[in-house]
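# Overview (structure and organization)
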Amino acid sequence: MKKKDEKEKKKREDDFMKKKLLALLLAGAMVFGMTATVSAAEDKFAGKDMEAKAPDNDMVVALQADATHLDPHVSSNGFSNTITNAMYETLLTFNEDSEIVPMLAKDWSVSEDGLSYTFTLNEGIKFHDGEDFNAESVVAVYERGMADDSLTLQRTVKDWESVTADSEYVVTIKLKEPNNTFINKITQTRIVSKAGMDQGKDYLAKHSCGTGPFILEERVDGGYTKMVRNDNYWRDGATVDTLTFQVVPEDGARIAMLQTGEVDVIDPLPATDVERIKGEPTIIIDNNPSITYRYVTLNTEMELPDGRKPFSDKRVRQAMNYAFDSEAYAMVVFSGYAEVPTSIYSESIMYHSPQTPYTADIEKAKELMKEAGYEDGFDVKIIVDNTSIEMKGAEFVKQQLSQINVNVELLANESTANAELTSAPLEDTTVEMWYVNWGSGSYEADGSMRSILHSSKFPPEGYNTAFWKNEEFDTLLDDALKMTDTDEIAEAYAKAQAIAWEECPWIFLGNDNKLAAYKSYVTGLQYKPAGEMVFTTIGLNV
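The structure contained in this document is the topic of the report that follows.

### Observations regarding the sheet that holds strand β7 (residues 170–175)
Taken together, four strands build an open sheet; the order of strands is β4-β5-β7-β6 and the sheet is antiparallel. Only two strands of the sheet have a single neighbouring strand rather than two, namely β4 (105–110) and β6 (160–167). The mean angle between the axes of side-by-side strands here comes to 20°, regardless of whether they run parallel or antiparallel. Here five bridges tie strand β5 (residues 116–121) to β7, and the two strands are oriented antiparallel to one another. Within β7, the position partnered with F119 by the bridge is V171. Each of β5, β6 and β7 is contacted by helix α3 (residues 135–147), which is oriented at about 160° to β6, the strand it contacts most.

As C-alpha cells, this is what we get:
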C-alpha cells in the first residue's frame, strides 16, 4: 500500500507541475489569442476603408524568405513558387475551390488504360522571349527534365514514358505505369521556352522565359525580385505597372512596412501580430485553411558518442510525442491559429485519416524513455530556419523535451543553408533533428507523404531526413498510385497513415492557418487552396 500511495503521490506532483508549466505558457497567449482570433468566415471588409488609394501603381510584396532560384525547374519551396508563378504557368492549375481547371491547356482526356493523357493547348500564346508556345514546348520541358538529374523537374518527368507532339497544339504524355496523382502533379510543372532552357540555369536566374503575367526586370539574391507587367499577356491579367517581391525575414519589420505603406502585401502575417493591426482601417487580414504541416524529423540513424542510436527505438520517438503538448504549441506559438495534428498531414488534403492524438502525458513519456534505456536522456541538436516564428516554435520544442531529459541545442541557419544540410546523403549528413514544415503543392495524399517518408526519398532524392524505412508503408503508397477505385485508395492511404503515426519518425507538431495581410486598396489578389497567393489579376486602386 505504501508503494502504491507513493506512486500516486508522485503522479499527482507530476500532474501539478505539468499544469503549472502549461498555465505559465498559456497565461499571456490565452488572453491575447482569445481576443485576436479572426474567423475565416467573418466579414474581413467590415469597418475597412475601401475607398483608400494607393500612392502609385507599383505593387510591393514583403515575403519572409527568398526564392532559392528563379529557374522553376530548380526551385521547389513555397516562397520560390509564389515568386516564379508570377512569371511561369502550367498546363492545368487549381482554383480557389480546389478544382483542377485549364490554364495553358484548354482541354484534356485520358486513355482507357490510364497511361496516356492528351492535352489540347491554347493557341496564340508567346513566351517572354518571343518564342511561340505549342506542343513542342511541352516536349522540350520533358527532354530537359530527363537530361538533367540536378533539376527538381526530374522527380516528376522520370515517371513519364514519352511526350509526343500530335500536332502543333495537341500533346500526349504517356506514363510508364498508371498514376492517379498525375493530373494533380502536372499543376506543378511550369512550362519554360526551349530557347530559355537551352541557355541554362544561370541564364534563367536572371531572365524570365515563361508565359505569365509578369516579366523579370531585376533580381538581387536575398534582397528583392522586381518584375514588370507583361503587356502581351494572353488573357486578362494584372493592371499594376510593376510587381516587386521584397525579402523581409523579420516579422516586426514586415508589419511596420505594411502599416506605413512601404509595402502593399505581407506574407506571412505572424499569428502573434494579428491584434496589432486588426483594427487598422486600411489593412485587411486573410485567414485561410492551410496544408502546412509542422513536424520535427528524428534521424533514426543518429549515433550518440557512446554508439547508441536513440531515435532507432520507437519507444523513444513515441515518448517525445507524449512529452509534446500540441494544444499549448498552437496557443503559444500561433495564438490559436493552428490545429492539433490528427494524422501525418493536414485535414485539408484528400484521404486524410484521423488517428488517436498523442495527448500530452509526461508520466507515459518518462516510462517509455525508461523502458528504452534512456531515463537520463541525451543531448541532441536541432536545425531550424532563423526566422522569428520558426525559432519560437523550435524553442517550444526544446522546452517540452527538457521534461524527459532530452537536452536540445538549437542551430539556427538561413533557409538556404538548411536546404543544403538536409540534402546530404545518409553517410554525410550532420542533421539530427530538423524543425520543418511541409505542404503538398499538388494537394494530394501521395505528395503529402512520399517525398518526406518513403524510403526511396532519402536525401538527396527527397526529404526523408528521418531516414525512416518501413516496407509496408512504402508498398501501400506505391500500390495506391495504380488504383482507380476511390475506396481502395482511401483504405491504402489510411493504413499508411496509421503505420507512420504509430512508428513516429517525427514529432507531430500541428497545422497552422495561412494568415496574410494587405492594404485595402489592393484588388484582384487570389489564393490557391493552400493559401498560396496568386498575382495574375492583381491591381491597385490609384
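Read on, since the account is not over.
### Topic: the pairing of β4
In terms of strand pairing, β4 meets β5 through five bridges, oriented antiparallel. Residue A105 lies in a different strand from β5, and its bridge partner there is L121. Between the antiparallel neighbours β4 and β5 lie five residues, among them G114 with a positive phi of about 75°.

### Description of the side chain of H352
Relative to the helices and strands, H352 resides in the loop between β14 (338–339) and α12 (362–371). Since its relative accessible area comes to 18%, H352 is described here as buried. Non-local contacts of H352, meaning those with residues more than four positions away in its chain, are made with T342, S343, Y345, S346, E347 and Q497.

### A short note on the packing of aromatic side chains
Inspection of every chain in the model, using the stated rule, returns 26 aromatic pairs. For the ring pair F311 and F378, a centre distance of 5.7 Å and an interplane angle of 75° mean the geometry is edge-to-face. Of the two residues, F311 is situated in the loop between β13 (293–298) and α10 (314–323) and F378 in strand β15 (residues 378–385); the sequence distance between them amounts to 67 residues. Accessibility assignment for this pair places F311 and F378 in one class, buried.

### Examining the pairing of strand β8 (residues 214–220)
Where β8 lies against strand β9 (residues 224–229), six bridges are found, and the strand directions are antiparallel. The residue bridging L216 from the neighbouring strand is M227, located in β9. Connecting β8 to the antiparallel partner β9 that follows it, the hairpin turn spans three residues, and G222 within it adopts a positive phi of roughly 80°.

### Focus: the nonpolar core
By size, the foremost hydrophobic cluster in this structure holds 92 residues, and its most contacted members are M320, I344, M433, F473 and I507. Setting aside chain neighbours within four positions, we find M433 in contact with V296, T297, L298, F311, M320, V380, K381, I382, I383, L401 and I507.

### Considerations on the packing of helix α15 (residues 445–453) against helix α17 (residues 486–503)
Interhelical geometry of α15 versus α17 gives an angle of 40° and a closest axis separation of 12 Å. The orientation of α15 with respect to α17, classified from their angle, is oblique. Of the two possible hands of crossing, α15 and α17 adopt the one that is left-handed. Residues A445, D446, M449 and L453 of α15 form the contact with α17, whose participating residues are Y493, Q497 and A500. For the contact of α15 with α17, a count of residues per class yields five nonpolar, one polar and one charged.

Each value, and the rule that gives it
Residues numbered from 1 in each chain as written. Predicted model: local features only at pLDDT ≥ 70, side-chain atom pairs only at ≥ 80, totals over all residues. Heavy atoms only, no water. Pairing = 2+ DSSP bridges. Helix = DSSP H or I, 4+ residues; strand = E, 2+ residues; numbered from the N terminus. Axes fitted to C-alpha atoms, helices over the stretch in contact; angles between N-to-C directions. Contact = heavy atoms within 4.5 Å. Buried < 20%, exposed > 50% of the residue type's maximum accessible area, 1.4 Å probe, protein only. Phe/Tyr/Trp six-rings, centres within 6.5 Å; stacked < 30°, edge-to-face > 60°. Core = buried A, V, L, I, M, F, W, Y, C linked by side-chain atoms within 4.5 Å. Parallel < 35°, antiparallel > 145°, perpendicular 65-115°, else oblique. Left-handed = near helix turned anticlockwise from the far one by under 90°. Nonpolar A, V, L, I, M, F, W, Y, C, P; charged D, E, K, R; others polar.

By themselves, these figures tell us nothing about what the structure is for.
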